[in-house]
Amino acid sequence: MATILDGKAHADRMLEEVRLRVEARAAAGQRLPGLAVVLVGEDPASQVYVRNKATACARVGVHSFEHRLPADTPQAVLDALIDRLNADPTVDGILVQLPLPGGLDSKRALHRISPAKDVDGFHPMNQGLLLEGLPGLRPCTPTACMSLLAHHGLALKGLRAVVLGRSEIVGKPMALMLLEQHATVTIAHSRTQDLPAVCREADLLVAAVGRPGLVEGSWIRPGAVVLDVGINRVQDLDLGARIFAAEPTKLANLQAKGAVLCGDVRFGEAMRVASAVTPVPGGVGPLTIAGLLTNTLWAAEQAEA
Ligand code: NAP
């Protein structure tokens, strides 16, 4: 049976490190870092994410500034708010919660955030720094995944890594970070031919696709390490019966509650083949906020450097 890579425990370690560094700043008379979160509209999932971010800020001593705007906010109003936050010396990080309501241009909003405060690491300037292997603000999820792998002592040099998914949020930056650590990286996506065979090449498989249970046990190389980034809500009983065949508890939960969260990987099947796997929930999910707070502290430190 594979080892379960406990993302929650690692997120706690990362957050504790941030908390201690923030505490040391306060003891040295430096101001607390500040994170501004902009939420436009009423998307229920986004509201939960924003609440979780505020809770994490409070836990580590980072100031959290919440800006809520109605769904029909014109782009010019959002632009003006971002400009104000860019100029505010108490704000070190700015996060515009995605997705934005239809009618708003998210690229335009993200590109308007000062690269020095772009704690999501989505600005082209920071993407360019990552491409060049230079320090900068890097996307939270892959940054935290790399931290998890480092904590577990996985030697990446020469390792064959397959990243499933090529988004700018997860897949592409993850591939660049693995490449930086000298892994041999393949990026797979919806047009990849013979996905199972490509995945079976991987000593390290990172799934960031958003398709529940896409990765079957037979796609996993025996002994591989599997990071499951996907977060999917499954409500369909037939689908559940297929993808949770090796996870009777999850299937029972689906039958009892009508919905369950799962990753892109069939966890129960992966546990029988891989050497280590992240679960969903409790794997990569909690790491992302820890990555965000780490970035916010870094931005505050850079602002004073
Ligand atoms: P995204 O922007 O929708 O990208 C999905 C990627 O998966 C695309 O590159 C797409 O290929 C590929 N893909 C889709 N269906 C496929 C298939 N059947 N076979 C092979 N590749 C396929 O998604 P994302 O933002 O990267 O997020 C991916 C998942 O991670 C989602 O479940 C999301 O909720 C989750 N996520 C979790 C965290 C966390 O904190 N743990 C953070 C971010 C995202 P094409 O490019 O060819 O379309």
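What you see is a predicted model, and the numbers here were worked out from it, not measured in a lab. Every chain's residues receive numbers from 1 upward, in the order its sequence appears when written. Only residues with pLDDT of at least 70 get local features here, since the model is predicted, and only at 80 or more are side-chain atom pairs given and counted; chain-wide, interface and lining totals rely on the full set of residues. Excluded from the side-chain calculations are hydrogens and water; all other atoms, namely the structure's heavy atoms, are used.

Student: Describe the pattern of salt bridges, and please don't skip the residues or the numbers.
Tutor: Any Lys or Arg side-chain nitrogen found within 4 Å of a carboxyl oxygen on Asp or Glu counts as a salt bridge. Under the criterion given, the structure shown has 19 salt bridges. A salt bridge links R25 to E304; the shortest N-O distance between them is 3.0 Å. Placement of R25 in helix 1 (residues 7–27) and of E304 in helix 12 (residues 285–304) is noted, with a sequence separation of 279 residues between them. R138 is paired through a salt bridge with E180; the nearest N and O atoms lie 2.8 Å apart. Taken as a pair, R138 in the loop between helix 5 (124–131) and helix 6 (140–151) and E180 in helix 7 (residues 171–180) lie far apart in primary sequence, 42 residues in all. The rule is simple: take the accessible area with a 1.4 Å probe, protein chains only, and divide by the maximum for that residue type; under 20% is buried, over 50% is exposed, in between is partly exposed. Classification of E180 as partly exposed rests on a relative accessible area of 30%. Salt bridges here are not isolated pairs; linked through shared partners, they connect R25, R31, D92 and E304. Helix and strand assignments follow DSSP, with helices taken as H or I runs no shorter than four residues and strands as E runs no shorter than two, numbered in order from the N terminus.

Student: Before we move on, could you go through the environment of K117 and cite the residues and values that matter?
Tutor: Here K117 shows up in the loop between helix 4 (106–112) and helix 5. Classification of K117 by relative accessible area gives buried; the value is 10%. Distance in space between the C-alpha atoms of K117 and G34 is 10 Å, their sequence separation being 83 residues. Contact between two residues is taken to exist if any of their heavy atoms lie within 4.5 Å; hydrogens are not considered. For K117, the contacting residues outside a window of four places in its chain are L85, N86, A87, D88, V91, D92, G93, I94 and L137. Any N or O atom pair separated by 3.5 Å or less is treated as a polar contact, with the protein-specific requirement of one donor-capable and one acceptor-capable atom, and with residues adjacent in sequence counted only for side-chain atom pairs. Within the structure, the side chain of K117 is placed 2.9 Å from the backbone oxygen of L85, a separation counted as a polar contact. Within the local environment of K117, its side chain forms a polar contact with the backbone oxygen of D88, the two atoms lying 2.8 Å apart.

Student: Lay out the site of the ligand with the relevant residues and their values.
Tutor: What surrounds the ligand is a group of 21 residues, the closest being R166, S167, S190, I231 and T288. Between the ligand and S190, the relevant distance is 2.5 Å, taken from an oxygen atom to a side-chain nitrogen or oxygen of the residue. Between a nitrogen atom of the ligand and a main-chain N or O atom of V229, the distance comes to 3.5 Å. Protein contact buries 71% of the 930 Å² of open area that the ligand shows by itself. Classification used: nonpolar for Ala, Val, Leu, Ile, Met, Phe, Trp, Tyr, Cys and Pro, charged for Asp, Glu, Lys and Arg, polar for all others including Gly. Looking at the shell around the ligand residue by residue, the classes come out as eight nonpolar, ten polar and three charged. We call a residue near a given molecule or strand whenever any one of its heavy atoms falls within 4 Å of it. Per-residue accessibility takes into account occlusion by the displayed protein chains alone, with areas from the Shrake-Rupley method and a 1.4 Å probe.

Student: Run through the layout of surface pockets, naming residues and quoting values.
Tutor: Think of a 1 Å grid over the protein atoms and nothing else: a 1.4 Å probe that fits but is trapped marks a cavity, an open set flanked by protein within 12 Å on at least five of seven lines marks a pocket, and residues with an atom within 4 Å of a point count as lining. Grid points are joined across faces, edges and corners, and a volume is the space filled by probe spheres set on the points. Of the volumes computed, that of the second largest pocket is approximately 440 Å³. Lining the second largest pocket are 21 residues, and of these R138, T143, S147, T294 and N295 sit closest to its centre. Elements represented by at least two residues in the lining of the second largest pocket include exactly helix 1, helix 6, helix 7 and helix 12. Residue contributions to the lining of the second largest pocket peak at five residues, all from helix 6. Residues that form the lining of the second largest pocket fall into these classes: eleven nonpolar, six polar and four charged.

Student: Which residues make up the nonpolar core, and what values do they have?
Tutor: Judged by nonpolar contacts, the single largest core of 49 residues is most densely connected at L149, M174, L178, L204, V206, L227 and L293. Element by element, the count of residues in this core is highest for helix 12, at seven residues. Domain segmentation is taken from an automatic or database assignment of domains. Summarising the domain contributions, this core has at least three residues from each of domain 1 (30–114) and domain 2 (140–285). Residues within four places of V206 in sequence aside, it is in contact with V162, V163, L164, M174, L178, L227 and V229. In plain words, nonpolar cores are sets of buried Ala, Val, Leu, Ile, Met, Phe, Trp, Tyr and Cys residues tied together by side-chain atoms within 4.5 Å. Core analysis: the next-biggest nonpolar cluster, separate from the first, contains 21 residues, C199, A202, W219 and A270 among them.

Student: Give a description of the packing of helix 6 against helix 7 that names residues and reports values.
Tutor: Fitted lines through C-alpha atoms serve as axes, helices being fitted only where they are in contact, and the angles separating the N-to-C directions of these axes extend from 0 to 180 degrees. Close contact between helix 6 and helix 7 brings their axes to 9 Å; oriented N to C, the two are set at 40 degrees. Between helix 6 and helix 7, the interaxial angle falls into the category oblique. Seen from above, helix 6 lies across helix 7 with right-handed handedness. For the pair helix 6 and helix 7, the contacting residues are P142, T143, C145, M146 and L149 in the first and P173, M174, M177 and L178 in the second. Relative orientations are named as follows: roughly parallel for angles under 35 degrees, roughly antiparallel for angles over 145 degrees, roughly perpendicular for angles from 65 to 115 degrees, and oblique for any other angle. Two helices that cross are described as forming a left-handed crossing if the nearer one is turned anticlockwise from the farther one by less than a right angle, and a right-handed crossing if clockwise.

Student: I'd like to hear about the domain arrangement of the protein chain, residue by residue, with values.
Tutor: Examined at the domain level, the protein chain breaks down into domain 1 (30–114) and domain 2 (140–285). Put simply, the middle of domain 1 and the middle of domain 2, counted by C-alpha atoms, are 29 Å apart.

Student: Quick one: what's the story with the environment of D6, residue by residue and with numbers?
Tutor: In this structure, D6 sits in the loop between strand 1 (3–4) and helix 1. Between the alpha carbons of D6 and V280 there is a distance of 10.0 Å; along the sequence they are 274 residues apart. A polar contact of 3.0 Å, which involves the side chain of D6, links it to the backbone nitrogen of K8. Reaching out from D6, the side chain makes a polar contact with the backbone nitrogen of A9 at a distance of 3.0 Å.

Student: Tell me about the sheet that holds strand 8 (residues 225–228), and name the residues and values.
Tutor: When DSSP finds two or more bridges between a pair of strands, those strands are recorded as paired. Spatially, six strands are ordered 1-11-8-7-5-6 in an open sheet, and the strand pairing comes out parallel. Looking at strand neighbours, the two that pair on one side only are strand 1 and strand 6 (184–188), the edges of this open sheet. Inspection of the sheet shows strand 5 (residues 160–164) paired to strand 6 by five bridges, in the parallel sense. Along strand 6, the bridge assignment pairs V162 with T186. Each of strand 5, strand 6, strand 7 (204–207) and strand 8 touches helix 7; the most contacted strand, strand 5, lies at about 170 degrees to it.

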